[in-house]
Amino acid sequence: MMAMLIAQRVILKKMILMEVPAMLQPKVKVILLDSGMRFVLWQSSRILPLFVE
């Protein structure tokens with residue numbers, strides 16, 4: 001249940017995969033793959049640079 005909720009938040013770009021608790025990451029990845037959201041795994045696992053001026 002919790003993995004499904006978090007997967008939905010990743011799909012909606014409310015959180016990234018790296019923010020998902022380590023225990024739930026495998027389940028969330030499976031849910032994303034089963035949902036046809038393979039590209040979300042790639043997009044959300046990138047580390048984007050943070051620029052501060």
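Residues numbered from 1 in each chain as written. Predicted model: local features only at pLDDT ≥ 70, side-chain atom pairs only at ≥ 80, totals over all residues. Heavy atoms only, no water.

### Notes on the overall build of the protein chain
So, step 1. Helices and strands together make up the secondary structure of the protein chain, namely three helices and zero strands.
So, step 2. Taken from N to C terminus, the helices and strands of the protein chain fall in the order α-α-α.
So, step 3. Residue burial in the protein chain is summarised as follows: out of 53 residues, 26% are buried.
So, step 4. By sequence separation, contacts in the protein chain at least 24 residues apart represent 41% of the contacts at least 6 residues apart. (Helix = DSSP H or I, 4+ residues; strand = E, 2+ residues; numbered from the N terminus. Buried < 20%, exposed > 50% of the residue type's maximum accessible area, 1.4 Å probe, protein only. Contact = heavy atoms within 4.5 Å.)

### Overview of the nonpolar core
So, step 1. Ranked by size, the top nonpolar core spans 13 residues in total, and within it Ile-6, Val-10, Val-20, Leu-24, Val-28 and Leu-32 carry the most contacts.
So, step 2. Going through the elements one at a time, helix H1 (2-11), helix H2 (25-34) and helix H3 (38-45) are the ones with two or more residues in this core.
So, step 3. Among the elements that take part in this core, H1 stands out by supplying four residues, more than any other.
So, step 4. If we skip the residues at most four places from it in the chain, Val-28 touches Ala-3, Ile-6, Ala-7, Leu-17 and Val-20. (Core = buried A, V, L, I, M, F, W, Y, C linked by side-chain atoms within 4.5 Å.)

### Overview of H2
So, step 1. Taken together, the buried positions of H2 are Val-28, Ile-31 and Leu-32. Relative to the axis of H2, the buried residues are bounded by an arc of 100 degrees and lie together on one face. Exposed and oriented more than 90 degrees from the buried face of H2 are Lys-27 and Asp-34. (Arc of directions from axis to C-beta.)

### Some details on unusual backbone geometry
So, step 1. Its identity as a non-glycine residue notwithstanding, Lys-13 has a phi of 60 degrees, on the positive side.
So, step 2. Examined against the element boundaries, Lys-13 turns out to sit in the loop between H1 and H2.
So, step 3. On the accessibility criterion, Lys-13 (67% relative accessible area) is exposed.

### What to know about the confidence of the model for the protein chain
So, step 1. Looking at the protein chain, pLDDT values average 80 and 77% of them are 70 or higher.
So, step 2. Predicted confidence in the protein chain is weakest over H3, with a mean pLDDT of 69, and strongest over H1, with 93.
So, step 3. Confidence drops under pLDDT 50 across residues 47-53; counting only partners more than four residues distant or on other chains, this segment forms one contact. (pLDDT = per-residue confidence, 0-100.)

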